[in-house]
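Coordinate analysis (summary)
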Amino acid sequence: TSSTRLLFFCGNFGTILLNPSWINVDGGKTALDMLEKMVEVTMMRGAQSGGVVTFEPASPSSGPTGPSAPVLRGVRSRVVNAKRTVLSRGVRSKIERDNCPRNLIAAGLGGKKKLRGWDERAFNPPPSSGGGGGSARIVRGFFGHTRFATSSMASMDGTHPHQWSPPRSYEFYPFQSAKAAGRGTDSGMDGSRRRATGTGLDNVQRAVEEGKVIKWKPKSQGMRVENYVTHNGDFEFYRIHGKYHDTEAVQSFLEKALGIPMPAVVDSAAIAGVVDLLRVQGCFALSARYAVCFQIDDKDASSSPWDPNVVYPTTEQYEAIGEVFASELDALVREDDVTSLEALSASEVLREVLARRVRTALVAGADAKGGGRGNPALRSALAALASFVPVHDDDVEEGGRGGSLGRFARATVDAFLDNDLLHACRIFLEGAKGSFGLCVSTSMDAHRQVVFAAKGQTLSVAFYPRKGVICYGSEQAAVKAGLNYETPQGPSSFGTDFKHIDEDAVRLDLDDLGGEICLLDWGYGGDNEPAVSVPNRNLAVNKLMGGAVSVVLLHQENVMDKSAKLHKRLVKLENNEFIKPLLDDCDDPVLSDIQDIPRIVSNIQEDWQDVGLNRMTAWHLGQCIRQRMQAHVDGSVENHASQVDILVTGCEVSLWISEQFVADLAKCFPKLYVKAVSSNKLLGLFGQELSMPSIGFPFTPKTLDMKDPIVIIVSHSGGTFGPLACSNLLQSFSSSIFTVTSEWDTQIGKQLRSMYGDKNDLLTSRIFSTDVGVRPAEPCSISVVATHQLLTNIFEHICVTIIGNPHFRAITGAIITERDLQTLERCNRENVKSLERIVGVDRKGDEVHELMKKTERELRAAGDVWSEHILENAKAYIMSFVYIVVTVTIGFPLISGIAYAAGLREDSSPGDRLFYLLRFFDALVYFWLPQINIFILRLIQGRNLRHRMVGRTCVIGDPCPWVAQSAEAFLGKIFACSYSIAGLNVLSGNPADHLVHRHTHRVVRGSLLVCGRPDGRLTALTTLEASTCLAVNQASSIQSIGGTCESLTIGHNMSKLPLSYRGIFLESHRPQFLCERLLEETDQQDAVKSKAMQLTAAGNLKAGPTSFVASDQNSQQSSQEEAPAERPSVTNSISSRFSTSGSSKRHFSIRNLQNQGRPSQDDDLNQSLRKRILGSVRKTNSTIADDQLNTSKHRSSASLLGAYSNMEKDAKKKASKQGVRDTHDIDTVISDMIKEKQGEGRFAEIFRSIDVNGDGSLDFEEFTEAYQKINSDVSMVQLEAMFQEADLDGNGTLDLDEFIALAKMPQVDVLGKLGVSNRDDRGLVQVMPSTERYFGEELRSTAPKGTGAFVMSQSQHLAMELYESRIASMQRFVAMTVMFHQMGMRVESFFPRISFGLLGYRMDRTHSIMRIATTASPVSGADVRDRMVELHLRFKIQKAVNIVARKYLVWKKEQARRQSQASWGSSINMPDGEVHDVMAKLA
């Protein structure tokens, strides 16, 4: 039922081996390798169990025996995965056990088994076959599925492929294609003779070689019936007799209709049962059952089929009824010379004739006086049938038609002729509700056909013409397995009938949105046309694989544009730069991902600088942003709190990274409405009829104004259900949808590429790709880093697009400047160097030099130590085991053994009593043995002896939430399959927020705490690092018996916390920020002063305190650095810019004071000593600067905070005559407010004085003339930029309000917007990296006199914060993954070593094996699809209403104007009555 329905993380997969070389060369080894690879990729969707079915001859004599269909049996191999086993290997092993006889071990194939039939005629053409295809051989196919149940335990019964009815033999009439039946060559013998002589196959093969097609005569044969279904999705309802019934009711119905108990409670088994009822072509017994179950209305039936007391006919009774149909068909063939079943199927007259003959025969059989007397089985069957259909002569309708019995006979005949595999799937999907990814294979059709279906679940089919293989799968990446394997080459007893075609491999993605069925038919016995029944013969037949395969597509809903043109839907897999092949297998996928990080990050940056796909997508995104911003400027988009300009969505790790991206955007553009919302929440709000409330979140359909926002969907896999469903659902709200994913070829990419049909070109590209490809390891490292890196580039592009237009800057309240972006881009470029040293591998994939591995060695050493914490219980257990076994075996415990070795004997009188005491101590040793062994281990390893001897807990902290969350997920998955004796509990928190409150009460001796520290050397981050360090110290200060947690910090500031166990410091390859430079210069000056004072004290020389302040290296800049910098009030700022009063004071330099304290030039002694002192200082200056003077590199966060606070106070003292107030009382606050108010009046006076012509506005000439009188250092370019920045309305003049806004803006903020251009030499919009030696060098050198250096550094605060959130945080995350990998690797490798390979697990896998969450949650795919169609229709209607309403308002305004002018009438296009009629209809 809907309340108990099962949702699955499932995946279909399989291969069809058209080229027999896949079988007859190496026995199927390579084919199974490829299948195993497909399972491995499909497992990413979640896999607790898996299975495969393949078909082979039911017996050696039941293979191809002529033109009739072969008798096949299904071989189903299923396995339930254990916690630490690998499902892909388990599935392959089970296939080999079930399909490879033990006596067929491949001698030269490494012990691999060969598939049964690899050297038999049934699967191979004769050696003389020279190609052409269609020979009478069986094409081997493997049809599989992996399952992850979310509402039931994984069991064998619930594992796919599913089968409801067990195998059973029926009489079948084999069908051909219509063309083969119409133009074929008569075989010349009937089926019985062919089976008797065994020469039919030779006749057929010779005919095929001669290019002939064998025509089958209507003749029945025994056929084994087995139907198998693999399904991912959910089966909710099925329509029977015009009414929908839930899955539970359908299961009860199937048990009665089929007479077989339910094999499994899962809904997929019910699909298999429905297929048993629907796939009936060629069998009269099954067709009669279909007619009884589906084609008899309740009004015709004697009793309702839903009556619990009704009894359906048995299989034997259906067979008895079917014999009547078969005999009448044989008679009709003889009498009317019907040459084929296809001819009968195409004739409506012959159908009706056969149905009437059968009705007459059934009535006669039911009559005791007729033929039924001698056939008790028939009488019993008709009696059972009478419960549903009256069987007598009186059942005749007006006009002589056969009534209910006649309709039953006609329904049976139609099902017999029409219900082939394709039509059966069509009937099922038309009557079913839910989401379906289906593969249906049957023993009647497996020799030539298979059907796939997609509705609400994805499914792709890949064709490899050169290799002769077809791969299909629910996971789009899985079908690329064919790229990794070549067709086996080597000697074989057989040839090949596959015609090799030199064409590139292509992939077909079925339309899961509208629902699509795909039939693949590869022919049989020379019949290369698809065998399709009459209801579907109007469908187009597409030939692929060089004509070897026919593809028939059936769309349920015409959702896709150009659906009939298959060639436009095919995606090239070979020779396509956008398609990434699957990675080769490796022993440690987690390590491989980590070591690949520098290469991927470098590739993303280089690709962004080139004109590639990402740049095309960025150009399109920029166009959408400009349109959105222009709509704000024009007023066509309302500005309110619920407005959404940019919506970013994703799930789990992708959502965490997106939230950081959104936070950075919102910080740079306070008035830009940008939100990050979980994809699942969007589906809950908009994806179903009754929205699911987001409790605890401010999201409702009314608080999210979704009027054509820019949508960025972040999903690295591109197949997670939530983001994938949103890519469909949000098309009803927005036309500007983009995705950030792992490669161009993903499911989300497919949806967005098909969004607008022919408009889909490079200039409207919607896909941002990291080009990472498929990464099957569940602990995510490279996917997180690559997505974060790409979002950094997107962030820069959005910022450049907005701030490049002054109106956009104003409407978004832009805070970020182009100089900030250049600073961020420089850090971004230098980031690769840091990553190389963290992971120990460079961007080319080579190991870095040993001297550059310091950071990696420290991280791995820390991981080794922490792994010993985790393994100590296991090692102590082994030591205890060895001790007990040895001492018990030899009979001497430790203490007693020592006493015995010392000569003490138990038979002596004192020894007898002493041995009791010794045994007592030995008993204590046994009792405390684990603890003793742990103490021994800790002593040997040098670890803390006071730690608790229990399982470990690791707490991860970082001020950037995404780092802690992603690192927690990474480490948790690393230890997901670890044994309980070496388990690890993983938690995370924000040290700048809640880590202390959430986790310090859990601190015990031996808890592990790793915390990322922001770079406190930057003034914007100093307090953040201080709070982070405080949280670590607070956690580390909680002790018991002298022991506490073992804390470790990772950061860039080289200052170890006193209470932490270890500090790991990452190398900074970026230039210094201005604040670091100033602090370094201050330290150098202090060191010079200290040296001078030491020399003065030694020589008893009296010198002024500022004698040697102005050293050579900074004397040129001292006048700018030490000049007054920041205005104490707005009025003082205006006076300093637009007033001549006090200008002489502003140019007063501190150098004058320094000169007053210098020794006189006439004092020869002082001059001589001064030269000697300065020479000594210059001589040792480099050493002092690197080691002693540069103390800022080793300052703690508290020391840095004090140093920067002092520098800030000094700057304020120099900028204010009153100095810095130590207290803030009410009088001073009121005084400041009064001065600020008076300042506004001062602005108006200055404005009027500058406005020479008195027109109430300032043009550019007036502005520059006045400003240059005040400060001639400002260049004309800077003034022009300042003027454009202030001219918000773009009219070329400044009004009073614009002038006041400019006057209030701090001068350093204005300077930050000047003199920067973000276009490369090709003219492309590109954030160019800063080329400064230190950030702020250019600003410092070009700033007007009087601008303080420390105040300039404060203008870099936003750039510092962006460096932290975009660059430094990434480095800390990568460092944590390196450390955690070392921990996990040491623990993982321990168990195989101590158990000789018997124990072990893979840390790249979890128990769930769920890399991609594909479940339909919180709503089903069918609900999303239905809701999307409804919303899209409502969107179109609302758009039409808005257009009409706007036209109406324009018309009404024009009408009023014309009426006022008394000239109304003739020129109005729409009459007044018609307008009111339209508005009334709309209302």
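Here goes a summary of the coordinates provided.

Rules of the game
- Residues numbered from 1 in each chain as written.
- Predicted model: local features only at pLDDT ≥ 70, side-chain atom pairs only at ≥ 80, totals over all residues.
- Heavy atoms only, no water.
- Pairing = 2+ DSSP bridges.
- Helix = DSSP H or I, 4+ residues; strand = E, 2+ residues; numbered from the N terminus.
- Axes fitted to C-alpha atoms, helices over the stretch in contact; angles between N-to-C directions.
- Patch = residues over 30% accessible without salt bridge, like charges linked within 9 Å, V, L, I, M, F, W, Y side chains within 5 Å.
- Areas by Shrake-Rupley, 256 points an atom, 1.4 Å probe, with all protein chains shown as cover.
- Salt bridge = Lys/Arg side-chain N within 4 Å of Asp/Glu carboxyl O.
- Polar contact = N/O pair within 3.5 Å; in protein donor to acceptor, adjacent residues only side chain to side chain.
- Contact = heavy atoms within 4.5 Å.
- Phe/Tyr/Trp six-rings, centres within 6.5 Å; stacked < 30°, edge-to-face > 60°.
- Buried < 20%, exposed > 50% of the residue type's maximum accessible area, 1.4 Å probe, protein only.
- Lys NZ or Arg CZ within 6 Å of the ring centre and 35° of its normal.
- Core = buried A, V, L, I, M, F, W, Y, C linked by side-chain atoms within 4.5 Å.

1. Structural notes on the sheet that holds strand S26 (residues 984-989)
Pairing is parallel across the open sheet formed by 5 strands, whose spatial order is S26-S25-S27-S28-S29. The strands lining the two open edges of the sheet, one partner per strand, are S26 and strand S29 (1062-1065). Within this sheet the neighbouring strands show an average axis-to-axis angle of 15°, counted without direction. Relative to S26, strand S25 (residues 952-957) is paired through 6 bridges, and the arrangement is parallel.

2. A look at a nonpolar patch on the surface
The grouping of Leu-914, Leu-917, Phe-920, Phe-921, Leu-924, Phe-927, Trp-928, Ile-932, Ile-936 and Ile-940 at the surface amounts to a nonpolar patch, some 960 Å² of accessible area in total. Those elements that provide at least two residues to the nonpolar patch are helix H28 (909-927) and helix H29 (929-941). For the nonpolar patch, the leading source of residues is H28, giving 6 residues. Structurally, Ile-932 is set in helix H29.

3. A word on the side chain of Asp-504
Within the secondary structure layout, Asp-504 lies in the loop between strand S14 (469-473) and strand S15 (506-509). In terms of polar contacts, Asp-504 uses its side chain to reach the side chain of Lys-572, at 3.2 Å. Looking at Asp-504, its side chain comes within polar contact range of the side chain of Asn-575, at 2.9 Å. In this structure, Asp-504 is in contact with Pro-465, Arg-466, Lys-572, Glu-574 and Asn-575, ignoring residues within four places of it in sequence.

4. Describing the sheet that holds strand S18 (residues 549-555)
Overall, antiparallel pairing links the 7 strands, which are arranged S10-S9-S11-S12-S16-S18-S17 in an open sheet. Lying at the two open borders of the sheet, with one neighbouring strand each, are strand S10 (243-246) and strand S17 (541-544). Recorded for the sheet is a direction-independent mean angle of 30° between the axes of neighbouring strands. Across 6 bridges, the pairing between strand S12 (residues 449-455) and strand S16 (residues 516-521) is antiparallel. Within the sheet, the bridge partner assigned to Val-450 lies in S16 and is Leu-520. Taken strand by strand, helix H7 (residues 247-258) contacts strand S9 (227-240) and S10, and its axis lies near 95° from that of S10. The strands touched by helix H15 (residues 421-431) within the sheet are S9, S10, strand S11 (432-442), S12, S16 and S18, with S11 carrying the most contacts at an inclination of about 165°.

5. A look at the packing of aromatic side chains
Ring pairs (aromatic) are described by centroid distance and by the angle formed between their planes. By the definition in use, this model includes 36 aromatic pairs. A centroid spacing of 5.7 Å and a plane angle of 15° characterise the contact between Tyr-238 and Phe-428, whose relative ring orientation is stacked. You can see Tyr-238 sitting in strand S9 and its partner Phe-428 sitting in helix H15, a full 190 residues away along the chain. Of the two residues, Tyr-238 and Phe-428, both sit in the buried class. Through successive ring pairs, a cluster of aromatic residues spans Phe-235, Tyr-238, Phe-253, Tyr-290, Phe-294, Tyr-312, Phe-388, Phe-428 and Phe-436. Just above the ring of Phe-697 sits the side chain of Lys-681; from NZ or CZ to the centre is 3.9 Å. In this structure, Arg-753 is placed above the aromatic ring of Trp-744, and the distance from its NZ or CZ to the ring centre is 3.8 Å.

6. So, the pattern of salt bridges
Under the definition given, this model contains 69 salt bridges. Ionic pairing is found between Lys-750 and Asp-512, a salt bridge with its closest N-O pair at 3.1 Å. Taken together, the positions of Lys-750 in helix H22 (residues 747-753) and Asp-512 in the loop between S15 and S16 put the pair 238 residues apart, joining distant regions of the chain. Just as Lys-750 is buried, Asp-512 falls in that class too. What you see here is one network of salt bridges that share partners, running through Glu-348, Arg-351, Glu-352, Arg-356, Arg-410, Asp-414 and Asp-418.

7. A few points about the environment of Leu-566
Topologically, Leu-566 is positioned in the loop between S18 and strand S19 (571-572). In this structure, the C-alpha to C-alpha distance between Leu-566 and Val-551, residues 15 residues apart in sequence, is 9.5 Å. Filtering out sequence-adjacent residues up to four positions away, Leu-566 remains in contact with Leu-508, Asn-542, Leu-544 and Leu-553.

8. Notes on the nonpolar core
One finds Phe-661, Phe-669, Ile-794, Phe-795, Ile-816 and Phe-1380 to be the most contacted residues of the largest nonpolar core, which totals 129 residues. In terms of residue count, the dominant contributor to this core is helix H48 (residues 1357-1394) (19 residues). The residues touching Phe-795, leaving out its near neighbours within four places in the chain, are Phe-661, Asp-664, Leu-665, Cys-668, Ile-816, Leu-821, Leu-824 and Leu-1362. Membership of the second largest hydrophobic core comes to 92 residues, among which are Trp-164, Tyr-238, Leu-382 and Leu-429.

9. With respect to unusual backbone geometry
The general pattern is negative phi for most residues beyond glycine and trans for most peptide bonds. Backbone torsion omega between His-160 and Pro-161 reads -5°, so that peptide bond is classified as cis. Of note in the backbone geometry, Asn-575 takes a positive phi value of approximately 55° without being a glycine. Looking at the element boundaries, Asn-575 is found in the loop between S19 and helix H16 (589-595). Notably, Asp-771 is not glycine yet its phi reads approximately 60°, a positive angle. One can find Asp-771 in the loop between strand S24 (767-769) and helix H23 (782-803).

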